[in-house]
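# Structural features, examined
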Amino acid sequence: MHSFAAHVKKMLSERGWSGLRPSDLAKSIMIEGAELLEIFQWDNQSPEAVKADAEKMEQIRTELADVMIYCFEMGAVLDLDMEEVLSEKLKKVEEKYPVALFNTGTHGSDPGTEAIYKEVKEKYRRDGTH
Ligand SMILES: [Mg+2]
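Because the structure is a prediction, the values reported are computed rather than measured.

A word on unusual backbone geometry. In this structure, tryptophan 42 is a non-glycine residue whose phi angle is positive, near 70 degrees. Along the chain, tryptophan 42 falls in the loop between helix H2 (22-38) and helix H3 (47-51). What makes tryptophan 42 exposed here is the crowd of 5 C-beta atoms within 10 Å. At aspartate 79, a position not held by glycine, the phi torsion is positive, near 55 degrees. With respect to the helices and strands, aspartate 79 occurs in the loop between helix H4 (54-77) and helix H5 (82-96).

Structure, rendered in structure tokens:
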């Protein structure tokens, strides 16, 4: 992770792009996110079906990389330690959705439709945390 962040920082520096505006990077992240989403417009395939589609997988690789490169560019411009940023947030997500509560084998693999997921999410929204 650190080496990738350093690579992005070097790429920006070499091109004179280290002063990119954070707002432009935020826009770029969302624009690339929309390009990723567009790949799935009008379909709702399973992971297996997506993986079996080589052309789609290549498009996903490209757009996922675009999103993540802009994320790392934001980190570089704002002097954020992206490994730390990601680790801190992942820890919060793990605390928010405890294994014991969610991995009960009684519900499916679609978290967005689970009542318990919605309950936890709504509680966090009420409490003003993410
Ligand atoms: Mg793109």
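Once the structure has been displayed, the description carries forward.
We now examine helix H7 (residues 115-126). Its 12 residues give H7 an end-to-end C-alpha distance of 16 Å, which sits within 8% of 16 Å, the value for a rise of 1.5 Å per residue. The positive-phi residue at the C-terminal boundary of H7 is glycine 128, with phi of around 75 degrees.

Moving on, we get to the packing of H2 against H4. The geometry of a pair of packed helices is captured by two quantities: the angle between their axes and the separation between those axes. Across the interface, H2 lies against H4 with an axial gap of 9 Å and an inter-helix angle of 165 degrees. Relative to H4, the element H2 lies roughly antiparallel. For the pair H2 and H4, the crossing hand works out as left-handed. Here Pro22, Leu25, Ser28, Ile29, Glu32, Gly33, Glu35 and Leu36 of H2 come into contact with H4, specifically with Ile60, Glu63, Leu64, Asp66, Val67, Tyr70, Cys71, Glu73, Met74 and Val77.

A few words now on the nonpolar core. Counting residues in each nonpolar core, the largest one holds 6 residues, listed as Val8, Tyr70, Cys71, Phe72, Met74 and Ala76. Element by element, the count of residues in this core is highest for H4, at 5 residues. Leave out the neighbours within four places in its chain, and methionine 74 touches Pro22 and Leu25.

Considered domain by domain, the chain is made up of domain 1 (2-87) and domain 2 (97-130). Taking only C-alpha atoms into account, the centre of domain 1 sits 27 Å from that of domain 2.

Here we take up H4. Between its first and last C-alpha, H4 extends 34 Å over 24 residues, near the 34 Å set by a 1.5 Å rise per residue. Burial in H4 covers these residues: Tyr70, Cys71, Phe72, Glu73, Met74, Gly75 and Ala76. With its phi angle positive at about 55 degrees, aspartate 79 sits one or two positions after the end of H4.

Rules and cut-offs
Residues numbered from 1 in each chain as written. Predicted model: local features only at pLDDT ≥ 70, side-chain atom pairs only at ≥ 80, totals over all residues. Helix = DSSP H or I, 4+ residues; strand = E, 2+ residues; numbered from the N terminus. Buried ≥ 20, exposed ≤ 12 C-beta atoms within 10 Å, placed from the backbone. Expected span 1.5 Å × (residues − 1). Axes fitted to C-alpha atoms, helices over the stretch in contact; angles between N-to-C directions. Parallel < 35°, antiparallel > 145°, perpendicular 65-115°, else oblique. Left-handed = near helix turned anticlockwise from the far one by under 90°. Contact = placed C-beta atoms within 7 Å. Core = buried A, V, L, I, M, F, W, Y, C linked by C-beta atoms within 7 Å. Domains from an automatic or database assignment.

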